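Listed here are the chains, written in short residue letters.
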Amino acid sequence: MKKTEICFGVGGGLAGLIVALLSLFLLLPYSTETIIIPPETIKIDAVVCLAANVVGITGALLVQKNNLLGSAVMSVALVVVLFFGFPWQSISAVLYIISVVMALAPDKLNT
C-alpha cells in the first residue's frame, strides 16, 4: 500500500495550491528592497505554480496504480515548483521529494 506517499503528495499539492493562491493575490510579503519583480510576473509565476501543483496532486493519486509514473509526474511538478515558486513553494517541494522517494521504494522485499 502506498497510502503514506499519497498523503504526502496530496498534502504537498494542497499546501502549494494555498501558497500559489496567496501569491496570485499578492498576499505574500515580497520585499521590495531584496526583490525587484513586477506584479504581473509574480502573478504569472503563481498561475504556473497552481498548474504544477494540480499536476503534482494527479501524480500522487497515480502512485497507487503505477508508482513509477506517479513519481515521474510528481518529479516534474517538483522541478517546476522549485523553479517558479522559490522560496514560497519550498514546503510543498519538500513534501513532493519525500513522496517521490518513498514511492520509488518497493512495497515488499523478496526474502
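Residues numbered from 1 in each chain as written. Predicted model: local features only at pLDDT ≥ 70, side-chain atom pairs only at ≥ 80, totals over all residues. Heavy atoms only, no water.

Engineer: Honestly, helix H4 (residues 90-104) in this entry has me stumped. Any pointers?
Structural biologist: Along an α-helix, a turn takes 3.6 residues, which lines up residues three or four apart on a common side. Between the first and last C-alpha of H4 there are 21 Å, a value that for 15 residues agrees with the 21 Å anticipated at 1.5 Å per step. Residues of H4 that are buried: Ser92, Ala93, Tyr96, Ser99, Val100 and Ala103. Buried positions in H4, seen along its axis, are confined to an arc of 125° and lie on one side of it. Exposed side chains of H4 directed beyond 90 degrees from the buried face belong to Ile91 and Val101. (Helix = DSSP H or I, 4+ residues; strand = E, 2+ residues; numbered from the N terminus. Expected span 1.5 Å × (residues − 1). Buried < 20%, exposed > 50% of the residue type's maximum accessible area, 1.4 Å probe, protein only. Arc of directions from axis to C-beta.)

Engineer: What should I look at first to understand the side chain of Ser92 in this one?
Structural biologist: For Ser92, the location among the structural elements is in helix H4. By relative accessible area, which is 2% here, Ser92 ends up buried. Excluding residues within four positions of it along the chain, Ser92 makes contact with Gly12, Gly16, Asn53 and Val81. (Contact = heavy atoms within 4.5 Å.)

Engineer: Help me understand the side chain of Ser71 in this model?
Structural biologist: Summarising the element assignment, Ser71 is placed in helix H3 (residues 67-85). Among all residues touching Ser71, those that are not within four sequence positions of it are Val63, Val100, Ala103 and Leu104.

Engineer: Sorry if this is basic, but what is going on with helix H2 (residues 39-62) here?
Structural biologist: Look at H2: 35 Å from first C-alpha to last across 24 residues, which is about the 34 Å you get at 1.5 Å a residue. Among all positions in H2, only Ile42, Ala46, Cys49, Leu50, Ala52, Asn53, Gly56, Ile57, Gly59 and Ala60 are buried. Tucked inside the fold, the buried residues of H2 contact helix H1 (3-24), H3 and H4.

Engineer: Can you help me understand the packing of H1 against H4 in this one?
Structural biologist: In helix packing, the relevant descriptors are the interaxial angle and the interaxial distance, both defined with respect to the helix axes. Packing of H1 against H4 leaves a shortest axis separation of 8 Å and a crossing angle of 160°. It follows that H1 is roughly antiparallel to H4 by the angle criterion. For the element pair H1 and H4, the recorded crossing hand is left-handed. Contacts between H1 and H4 involve Thr4, Glu5, Phe8, Gly9, Gly11, Gly12, Gly13 and Gly16 on the former and, on the latter, Ser92, Leu95, Tyr96, Ile98, Ser99, Met102 and Ala103. Its residues assigned to classes, the contact of H1 with H4 shows six nonpolar, eight polar and one charged. (Axes fitted to C-alpha atoms, helices over the stretch in contact; angles between N-to-C directions. Parallel < 35°, antiparallel > 145°, perpendicular 65-115°, else oblique. Left-handed = near helix turned anticlockwise from the far one by under 90°. Nonpolar A, V, L, I, M, F, W, Y, C, P; charged D, E, K, R; others polar.)

Engineer: Help me understand the nonpolar core, please; the structure alone is not making it clear to me.
Structural biologist: The nonpolar side chains of a soluble globular protein tend to be buried with one another. Grouped together as the largest cluster of nonpolar side chains are nine residues: Ile6, Ala60, Val63, Met74, Leu78, Ala93, Tyr96, Val100 and Ala103. Of all elements in the fold, only H3 and H4 reach the threshold of two or more residues within this core. Looking at this core element by element, the count peaks at four residues for H4. If we ignore the near neighbours within four places in the chain, the residues touching Ala93 are Leu78 and Leu82. Counting residues in hydrophobic clusters, the runner-up holds seven residues, among them Ala46, Cys49, Leu50 and Ile57. (Core = buried A, V, L, I, M, F, W, Y, C linked by side-chain atoms within 4.5 Å.)

Engineer: Even after reading the chapter, I still don't get the packing of aromatic side chains, so can you show me in this structure?
Structural biologist: One pass over the structure, following the stated rule, counts one aromatic pair. Both rings, one in Phe83 and one in Phe84, keep their centres 4.9 Å apart while their planes meet at 85°; by these two values the pair is edge-to-face. Overall, Phe83 belongs to the exposed group, its relative accessible area being 65%. The exposure class assigned to Phe84 is partly exposed, which follows from its relative accessible area of 32%. (Phe/Tyr/Trp six-rings, centres within 6.5 Å; stacked < 30°, edge-to-face > 60°.)

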